[in-house]
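Commentary on secondary and tertiary structure
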Amino acid sequence: MDTYVIRTEHLSRSFGVVQAVNELSLEVPAGIIFGFLGPNGAGKTTTIHLLLGLLEPSSGRANVLGFDTRSQADQIRARIGALLEFSGLYERMSAEDNLDFYGRIYHMSAPERGARIKELLSHMDLWERRKEQVGKWSRGMKQKLAVARALFHHPSLVFLDEPTVGLDPVAAATLNDDLASLVAREGITVFLNTHNLVEAEKLCAQVGVIRQGKLLAVGHPDELRQEKGGSQAEIFGHGLNKHMVELLRKQPEVTAAELQNSHLTVTLREKSEIGPLVSLIVKSGADVEEVRRGKANLEEVFLTLMEEKS
Amino acid sequence: MKDISTIMWKEWKDLLFQSGVTGVVRPLIIIGVLGILLPLQSKASWLHLPLAGVLGILLIPFFVIITMVGDSFAGERERHTLETLLASRMPDREILVGKIGAILGYAWGIMLMGLLVGLVVANIAFWKGHVIFYQLDLFLAVVALSLVVNALGACGGVLVSLRAATVRQAQQMLTIGMIVLSFGGVFVVNLILRALPPGLFSSLSIAALLFLIVAIVAVLDLVLLGITFARFQRSRLILN
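Residues numbered from 1 in each chain as written. Chains lettered and ligands numbered in written order. Predicted model: local features only at pLDDT ≥ 70, side-chain atom pairs only at ≥ 80, totals over all residues.

Some words on the overall build of chain B
What chain B contains, in helices and strands, is ten helices and zero strands. Listing each helix as α and each strand as β along chain B from the N terminus yields α-α-α-α-α-α-α-α-α-α. Since a compact globule built from 240 residues should have a radius of gyration of about 18 Å, the 20 Å found for chain B is in line with a globular shape. Among the 240 residues that make up chain B, the fraction classed as buried is 38%. Here the contacts in chain B between residues at least 6 apart in sequence split such that 87% fall between residues at least 24 apart. (Helix = DSSP H or I, 4+ residues; strand = E, 2+ residues; numbered from the N terminus. Rg over C-alpha atoms; globule rule 2.2 N^0.38 Å. Buried ≥ 20, exposed ≤ 12 C-beta atoms within 10 Å, placed from the backbone. Contact = placed C-beta atoms within 7 Å.)

Right, dumping it as structure tokens:
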């Protein structure tokens, strides 16, 4: 079997003069959570629509689970689960009936559906409220139910389009925990559209960054941090001043330097050493007590990429 | 068939049985009109299907369909459930036939219940010493006509709802369509009848004439169903 569940080659889609997806070439390995990061309007949702065969590409091609999105979209949709831009729940129906409907769509037997409803709703702490109309639920509960629906028929690949958008931090964290544990337990691949970088960093084994329909970078979050984020250092001590900040900024290996309260924050270029810079500060009269090295987080990488390409 | 029945199950659950008391009261009112009010007004002649009965059988389910069918796709679009349904494995034709079948089955089912209640009420209220059934040939012809006419309404309504952005827009378009069809239909039928040789249908009984109309409307049903299938494109529905 192919180790990649999604492959796209120069996939493009335009709407009039707007190029929503532009020459996207991507490979998503099986069994991971793949984060597709980008600002609003970057082309993330259009990419999902193309991968599900709901939209025809203007050019290029895509292959999902070994099936071509143009000619075998039915085969793809039979094997995937999806939580798209909206939860897609029938609010006048109960939680149980919502799941039951999707179980029926995927030809699951009545005992299978009953068992799966109990399993997923119990996992999500929603079992006691299964008979209630979904319209009366909070947004967080609805999103949990929508995730359960996407996983209901044991798909091998699940598309989630910004599942935590609009949720408060507690609800988002709970949903992410539920999602991570379910994905680990069921061994599925997840294509996760998000602009929540903390979420991506926590959940994703690989991320792709898209902007204005173009893929800017792809890889493990650590690799991206290494490649794009450089590293940071915090220098603590006495006698640190603005003159030293100016001095540091003139050094070729430094991309940014700031005096924050009583310490200096220095952002370094790739593979740069902090030692010579510390010596420079000491020579300038500072009494350095502590140096802390750290990597840039995914948010900084993301912002760097956005700035680089704009 | 399994997929069609799944869609019909969802439609009935979502639209009809989850809307609280009104979901139950609405069909009861219609059954009351068709099964109690009209038979009591028509007295014993109800079982010979007077004009009021024929119009009731034809028009009551038709109006039920026209008031509800706009919701079929436009409602799903408005409530943001359409995209998820289209992303599922459910085939195009099964979605369409399921939606048409659900609304037609509901309206036509209510009408049949009304006729059954009317049979009981007419027999009890105007008892002749034995049970009397509807005049069979006329009853079958009218019921068949009701089915094809209402299928036409359901197909047309779904076709409008497919491309309407909101339920309100769908209902406005259906109302305008009904006005145009009513007046335009009378005009066209009148023209056709004038063009035909006089006395062409004089040898036919009313039931036979109705069956002839059933056949013509059934052909129109198939044409409209074909158009609806052709207009059902997931990519267009996603972008609308």
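Describing the overall build of chain A
Along the backbone of chain A there are eleven helices and 14 strands. The principal-axis extent of the C-alpha atoms belonging to chain A is close to 80 × 45 × 35 Å. Long-range contacts, defined here as pairs at least 24 residues apart, represent 70% of the contacts in chain A between residues at least 6 apart.

Some remarks on the sheet that holds strand S3 (residues 33–37) of chain A
Sheet strands associate in pairs through backbone hydrogen bonding, adopting either a parallel or an antiparallel arrangement. Residues and elements named next belong to chain A. Strand order in this open sheet of six strands is S6-S7-S8-S3-S9-S10, and the pairing throughout is mixed. If you trace the sheet from one side to the other, it starts and ends with strand S6 (80–83) and strand S10 (214–219), each paired once. On average, each strand axis in the sheet is inclined to that of its neighbour by 15 degrees, with strand direction left out of account. Alignment of S6 against strand S7 (residues 157–161), held across four bridges, turns out to be parallel. Looking across to S7, one finds that alanine 82 is bridged to phenylalanine 159. Its contacts with the sheet put helix H1 (residues 44–51) on S3, S7, strand S8 (189–194) and strand S9 (206–211), and the angle it makes with S7 is roughly 150 degrees. (Pairing = 2+ DSSP bridges. Axes fitted to C-alpha atoms, helices over the stretch in contact; angles between N-to-C directions.)

Let's talk about the environment of alanine 141 of chain B
Residues and elements named next belong to chain B. Note on placement: alanine 141 falls in helix H7 (residues 136–163). Each C-alpha atom, one on alanine 141 and one on leucine 210, is 5.8 Å from the other, the two residues being 69 residues apart in sequence. Setting aside residues no more than four positions away along its own chain, alanine 141 makes contact with Ala207, Leu210, Phe211 and Val214.

Digging into the domain arrangement of chain A
Here chain A is partitioned into domain 1 (4–225) and domain 2 (230–309). A C-alpha centroid distance of 40 Å is found between domain 1 of chain A and domain 2 of chain A. (Domains from an automatic or database assignment.)

Here's the deal with the packing of helix H4 (residues 71–78) of chain B against H7 of chain B
All names here are of chain B. Between H4 and H7, whose axes approach to 7 Å, the crossing angle comes to 25 degrees. Judged by the angle between their axes, H4 and H7 are roughly parallel. Within the contact between the two elements, H4 uses Ser72, Phe73 and Ala74 and H7 uses Gly157, Val158, Ser161 and Leu162. Class assignment for the residues of the contact of H4 with H7 results in four nonpolar, three polar and no charged. (Parallel < 35°, antiparallel > 145°, perpendicular 65-115°, else oblique. Nonpolar A, V, L, I, M, F, W, Y, C, P; charged D, E, K, R; others polar.)

Digging into the nonpolar core
Ile65 and Ile103 of chain B are the most contacted members of the largest nonpolar core, which totals 132 residues. Of the residues forming this core, the biggest block, 14 residues, is contributed by helix H6 (residues 92–125) of chain B. Residue assignment places this core across two domains, with domain 1 (4–225) and domain 2 (230–309) of chain A each supplying three or more. When neighbours within four sequence positions are excluded, isoleucine 103 of chain B is seen to be in contact with Ile65, Met68, Val69, Ser72 and Ala154 of chain B. Core analysis: the next-biggest nonpolar cluster, separate from the first, contains twelve residues, Ile235, Met244, Val254 and Ile281 of chain A among them. (Core = buried A, V, L, I, M, F, W, Y, C linked by C-beta atoms within 7 Å.)

Brief notes about the pairing of S8 of chain A
All names here are of chain A. The element S8 is largely enclosed, with a buried count of six among its six residues. Neither face of S8 is left uncovered, since the one carrying Thr189, Phe191 and Asn193 and the one carrying Val190, Leu192 and Thr194 both have all their residues buried. In this view, the connection linking S7 to its parallel neighbour S8 by way of helix H6 (residues 169–186) has right-handed handedness. (Right-handed = clockwise from strand over helix to strand, strands pointing away.)

Quick word on the environment of valine 143 of chain B
Position of valine 143 of chain B relative to the elements: it lies in helix H7. When the C-alpha atoms of valine 143 of chain B and leucine 112 of chain B are compared, they prove to be 8.4 Å apart, with 31 residues separating the residues in sequence.

Thoughts on the sheet that holds strand S1 (residues 4–15) of chain A
All names here are of chain A. The strand order S2-S1-S4-S5 describes an open sheet built from four strands, whose pairing is antiparallel. The sheet is open, and its two edges are formed by strand S2 (18–29) and strand S5 (67–68), each paired on a single side. Strand direction decides the pairing type here: S1 and strand S4 (residues 59–64), joined by five bridges, are antiparallel. Across the sheet, residue glutamate 9 finds its bridge partner in S4, namely arginine 61. Each of S1, S2 and S4 touches H1; the most contacted strand, S2, lies at about 65 degrees to it.

Side note on helix H8 (residues 167–195) of chain B
Residues and elements named next belong to chain B. Helix length check: H8 (29 residues) gives 40 Å between terminal C-alpha atoms against 42 Å at 1.5 Å per residue, within 8%. Every buried residue of H8 is listed here: Val167, Ala170, Gln171 and Leu174. The inward-facing, buried residues of H8 abut helix H3 (51–68), H4 and H7. (Expected span 1.5 Å × (residues − 1).)

Structural notes on the interface of chain B and chain A
Contacts between chain B and chain A engage 21 residues on the former and 25 residues on the latter. When contributions to the side of chain B that touches chain A are tallied by element, the ones reaching two or more residues are helix H1 (2–16), helix H5 (82–86) and helix H10 (234–239) of chain B. It is H1 of chain B that provides the largest number of residues to the side of chain B that touches chain A, a total of six residues. In the side of chain B that touches chain A, the residues fall into five nonpolar, eight polar and eight charged.

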